[in-house]
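Each chain is listed here by its residues.
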Amino acid sequence: LLSKLRDPSLAIDKALVAGQWVSKGENGRTFDVTNPSTGELVATLPDLSRADAARAIDAAYKAQKVWAKRTAKERASILRKLYDLMVANADDLATILTIEMGKPLAEAKGEILYGASYVEWFAEEAKRVYGDTIPGHQPDKRIIVLKQPIGVVAAITPWNFPNAMLARKFAPAVAAGCAIVSKPAAETPLSALSLALLAERAGLPASIFSVVTSRDSASIGKEFTENEKVRKLTFTGSTGVGKILMRQGAEQIMKLGLELGGNAPFIVFDDADVDAAVEGAMISKYRNNGQTCVCANRLYVQAGIYDLFATKLAEKVSTIKVGDGFEPGVSAGPLITEKAVAKVEEHIADALQKGAKVEIGGKPDAKGGLFFQPTILTDVTSDMKVAREETFGPVAPLFRFETEEEVIEMANDTEFGLASYFYSKDVSKIFRVAEELEYGMVGINTGLISTEVAPFGGIKQSGQGREGSKYGIEDYVEIKYLCFSI
Ligand code: ADP
């Protein structure tokens, strides 16, 4: 790894706890991070315990009080410096990301710039956390509304976007005047550590940002939810773990930001521009090898264009080059773990057994390891696992539908409500369908909806709270109202 970096100091094998870079925690244990493309060892990191997390929280608690007293402009200028450092070091950060996570280098660089865009955005928003004055309810009363930082925030993040998922929690928290103690996924902690190092170089005071590396996520999650110095937990990951954390946090009525699983429908109506829909499906389905929570999980194609869409999509899918993210021209890396491969295989087997057909792919890639062929299934029906569960892999199941009413009912028939997409040129239909879809986000004639300027988040069991946009910082402040009698 080090030989690939312009600045080798960005590859870190220590955790950042309470302002100290530590090689070992209380229990003295370590764990290995491996490259999913090659299986090679990338780094050995401290396997921290609950006691280490508590230390980080204590230090954050003290440091936050001072941080909150800085002017918004001072906080903003540190975030702005961090943004500049992320951009200046984007190639190295992308290399670290590809080594630990596997996504193609160009996509990794895209993620770094996407993560950086949240840091830039919240550097700007830091200065615009406005309150209110409200006309008094009695002649002698004056009312003022303040917004104050919530305090210490704990963050738990997943492996699929090791930089951006943390950056978009870290940035609004720190902008608002909070301190943040994070636990990155054990598969991909290096990206979080290099972000923390750059934050330190940008001038962020000690203990405002800790990165607790650990394989024992359950124990760290307990400390994060049970420690009363933590006032908010922000989590991106599966709905199952989100429920555990919500239950644990209930004891102290913890504020929660949850970005959980999705089961995104991608609907193509007969009147759609088919080529544009195919383009959108490629991005929405196969980006990050199908491992994003907003990836199209169910593709509903109207009967009139079903066969044409399937043929055109298969043509494009056949051009995807699977391989090591560092190889030129590769557009799909490996899946993250054996477990992920097993889930993809299980979903395909279940669909085939219930009558679906393979249009293209369907098998582990000839390269072996964690590589899987980009796949399209046709004749897919609602009784198959691909209809109900998030596959989180490169499988596009194509469902056939006849009417608008029917497809909306199928699209909404899930406990999830994160992203949805549809293609049509009919303005009335566009408004009808957009309003009917029970999702936090709707992509209309586009397969790519993530941007720092818009509120990212879900409804139903896909979570609560929003990340990015003017709404994003609201998740990190408390409202306090002052009632004056004059
Ligand atoms: P994924 O399928 O993306 O791995 P998870 O929800 O399992 O989704 O993981 C997302 C994050 O949650 C990771 O950082 C993981 O270590 C952490 N995690 C998993 N189980 C728990 C738990 N019981 N408590 C707290 N964090 C957890």
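Quick caveat, the model's predicted, so the values are computed rather than measured.

1. What to know about the UniProt feature "domain: Aldehyde dehydrogenase" (unreviewed entry) in the chain
UniProt marks residues 22–481 with the feature "domain: Aldehyde dehydrogenase" (unreviewed entry), using the numbering shown here. With 40% helix and 20% strand, the stretch residues 22–481 has end C-alpha atoms that lie 42 Å from each other.

2. Looking at the UniProt feature "active site" (unreviewed entry) in the chain
In the numbering used here, UniProt assigns the feature "active site" (unreviewed entry) to Glu-259. Looking at the secondary structure, you find Glu-259 in strand E11 (residues 255–259). C-beta crowding within 10 Å serves as the criterion here: with 28 such atoms nearby, Glu-259 is assigned to the buried category. With residues near it in sequence (within four places) discarded, Glu-259 still touches Thr-236, Cys-293, Gly-457, Gly-458, Gly-463 and Glu-467.

3. Overview of the sheet that holds strand E5 (residues 132–134)
Taken in spatial order, the three strands of this open sheet run E5-E6-E20, and their pairing is antiparallel. Each edge of the sheet is formed by a strand with only one pairing partner; in this case those strands are E5 and strand E20 (477–485). If you compare each strand with its neighbour and ignore which way they point, the axes differ by 20 degrees on average. Sheet topology note: the E5/strand E6 (residues 141–149) ladder contains three bridges and is antiparallel. Each bridged residue has a counterpart across the sheet, and for Ile-134 the counterpart in E6 is Ile-143.

4. Some remarks on the sheet that holds strand E13 (residues 296–302)
Read from one edge to the other, the open sheet built from seven strands follows the order E14-E15-E16-E13-E12-E17-E18, with strand pairing classed as mixed. Two strands in the sheet have a free side with no partner beyond their single neighbour: strand E14 (357–360) and strand E18 (441–444). This sheet shows a mean twist of 25 degrees between the axes of neighbouring strands, independent of strand direction. One ladder, built from three bridges, connects strand E12 (residues 264–268) with strand E17 (residues 419–423); its direction is parallel.

5. Some remarks on the site of the ligand
Lining the immediate surroundings of the ligand are 14 residues, of which Ser-217, Gly-221, Gly-237, Ser-238 and Val-241 lie closest. Put simply, the parts of the chain that give the shell around the ligand at least two residues each are helix H7 (217–226) and helix H8 (239–250).

6. A short note on the pairing of E12
Burial runs high along E12: five of the five residues are buried. Covered by surrounding structure in E12 are Ala-264, Phe-266 and Val-268 together with Pro-265 and Ile-267, the residues of both alternating faces. As judged from the five bridges shared by E12 and E13, these two strands associate in the parallel manner. Bridged to Ile-267 within E13 is Tyr-300. Where the polypeptide runs from E12 across helix H9 (residues 274–286) and back to E13, its parallel neighbour, the crossover connection is right-handed.

7. Thoughts on the packing of helix H3 (residues 90–101) against helix H4 (residues 105–125)
Closest axis-to-axis distance for the H3/H4 pair is 8 Å, and the angle between their directions is 120 degrees. As summarised for this structure, H3 and H4 are arranged oblique, according to the angle between their axes. Crossing hand, H3 versus H4: right-handed. Taking contact as the criterion, the partners of Ala-90, Asp-91, Leu-93, Ala-94, Leu-97 and Thr-98 in H3 are, on H4, Leu-105, Ala-108, Lys-109, Glu-111, Ile-112 and Leu-113.

8. Notes on the packing of H7 against H8
The N-to-C vectors of H7 and H8 enclose an angle of 40 degrees; their axes lie 8 Å apart at closest approach. Taken together, the axis directions place H7 and H8 in an arrangement best described as oblique. Judged by the sense of rotation from one axis to the other, the crossing of H7 with H8 is right-handed. For the pair H7 and H8, the contacting residues are Gly-221, Lys-222, Thr-225 and Glu-226 in the first and Leu-245, Gln-248 and Gly-249 in the second.

Reading the values: rules and limits
- Residues numbered from 1 in each chain as written.
- Predicted model: local features only at pLDDT ≥ 70, side-chain atom pairs only at ≥ 80, totals over all residues.
- UniProt positions renumbered as here; feature names shortened; annotations may be inferred.
- Helix = DSSP H or I, 4+ residues; strand = E, 2+ residues; numbered from the N terminus.
- Buried ≥ 20, exposed ≤ 12 C-beta atoms within 10 Å, placed from the backbone.
- Contact = placed C-beta atoms within 7 Å.
- Pairing = 2+ DSSP bridges.
- Axes fitted to C-alpha atoms, helices over the stretch in contact; angles between N-to-C directions.
- Near = placed C-beta within 6 Å.
- Right-handed = clockwise from strand over helix to strand, strands pointing away.
- Parallel < 35°, antiparallel > 145°, perpendicular 65-115°, else oblique.
- Left-handed = near helix turned anticlockwise from the far one by under 90°.

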